[in-house]
Every structure is written in structure tokens, then in C-alpha cells.
Amino acid sequence: MARILIVEARFYAHLNDLLLEGATAAIEEAGHKHEVITVPGALEIPGAVALAAETGRYDAFVALGVVIRGETYHFEVVSNESARGLMALAMDGIPIGNGILTVEDEAQALARARSTEKDKGGEAAKAALAMLALKERFA
Ligand SMILES: Nc1c(NC[C@H](O)[C@H](O)[C@H](O)CO)[nH]c(=O)[nH]c1=O
Ligand SMILES: CC(=O)[C@@H](O)COP(=O)(O)O
């Protein structure tokens, strides 16, 4: 049984609840344990994963968040840098699934967080578990 840490940025709590539902369901269906920690925004997720990975208490990580474009370049900063940070951690061998939605508006987020068509939280959890399985295979 693996120990999964979900790191969520509850910038839009109602949207994150949907992502969390999907991720939690996927992890439980796979028979693993999980914990959830919360950070202010998506930009803080990579740092939180790095801190948690240092403890050695977790086998894989799921990043959940919603970034919605506003009026300024900050959307690009938050979207690109959170993704870059997670990719850097993944390249260091940390099993991670990226469930940070980067969208134009709330409607796009709702359609992807968890609906009949999309389950981005579940997808991110399954990706993290797949990378953990690879890590174990190559150990
Ligand atoms: N605008 C969104 C943010 N912005 C906040 C940043 O993520 C960060 O917390 C702040 O810049 C302090 O470092 N975060 C989201 O998750 N989603 C957004 O739409
Ligand atoms: C993604 C963001 O940081 C965004 O919500 C901020 O809005 P704004 O660009 O209008 O300040």
C-alpha cells in the first residue's frame, strides 16, 4: 500500500473540491492511503511537494489546483512556473501527477475538474501512481 500526498491549492475551493473528489476516488480504488495538505496557490505547490518529499514519508504526490486567467501576465507566471516546478521535481525522480487546471474561465474549469467527460483530479492521481510503479520497476 503506497502513501500518497495530495497537495492542493484551494484558490477556488468549490472547484478544488471536485478535483479532490476525483483524485481521492482514484487513490482509494487503487487501494492506497492518502493525506491532503493545502497551500495558498498553485505557485506554492512545487515547494510544498519538495518539502514533503524531503521527509521520506510519501511514495508519490498529486498536485491539484485551478488557475484562471485574469487581466495580467500573472496567469502565465502561475501556470508556467507551477508546471515547471513540478516537472523539475519529476525529473529528480519524484512520482508526481499534475492536476493543476490552467483555464480561461470557470466554465472551462467546471467541465474539466470532474464531469461526465473529464476527471482531471483522477487523471492526476492515476499518473502519480503510474510513475510510482515505474520507479518501483526500475529500483
Ligand atoms: N491567480 C491564481 C493564483 N494566484 C496566487 C499564486 O498561486 C500564489 O499563491 C501567489 O502569487 C503568492 O505566491 N493561484 C491559483 O492557484 N490560481 C489562480 O487563479
Ligand atoms: C492567474 C492569476 O494570477 C489571476 O487570477 C490574477 O488576476 P489578474 O491578472 O487580473 O491580477
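What you see is a predicted model; the values in this text were computed from it and never measured. (Residues numbered from 1 in each chain as written. Chains lettered and ligands numbered in written order. Predicted model: local features only at pLDDT ≥ 70, side-chain atom pairs only at ≥ 80, totals over all residues. Heavy atoms only, no water.)

Within strand E3 (residues 60-68), nine of the nine residues are buried, which leaves it mostly tucked inside the rest of the structure. Here five bridges tie strand E1 (residues 3-9) to E3, and the two strands are oriented parallel to one another. Bridge pairing in E3 places isoleucine 6 opposite valine 62. As paired elements, E3 and strand E4 (residues 96-103) share eight bridges and run parallel to each other. (Buried < 20%, exposed > 50% of the residue type's maximum accessible area, 1.4 Å probe, protein only. Helix = DSSP H or I, 4+ residues; strand = E, 2+ residues; numbered from the N terminus. Pairing = 2+ DSSP bridges.)

Now for the UniProt feature "binding site: (2S)-2-hydroxy-3-oxobutyl phosphate" (unreviewed entry) in the protein chain. This chain's UniProt record puts "binding site: (2S)-2-hydroxy-3-oxobutyl phosphate" (unreviewed entry) on Glu71, Thr72 and Arg112. Annotated residues spanning 42 residues; largest pairwise C-alpha distance 23.3 Å, indicating distribution over more than one region. The annotated residues contributing to the lining of the largest pocket are Glu71 and Thr72. Positionally, glutamate 71 belongs in the loop between E3 and helix H3 (74-91). What makes glutamate 71 exposed here is its relative accessible area of 83%. With respect to the element layout, threonine 72 can be found in the loop between E3 and H3. On the basis of relative accessible area, threonine 72 is assigned to the exposed category, the value being 52%. (UniProt positions renumbered as here; feature names shortened; annotations may be inferred. 1 Å grid on protein atoms, 1.4 Å probe; cavity = no way out; pocket = protein on both sides within 12 Å on 5 of 7 lines; lining within 4 Å.)

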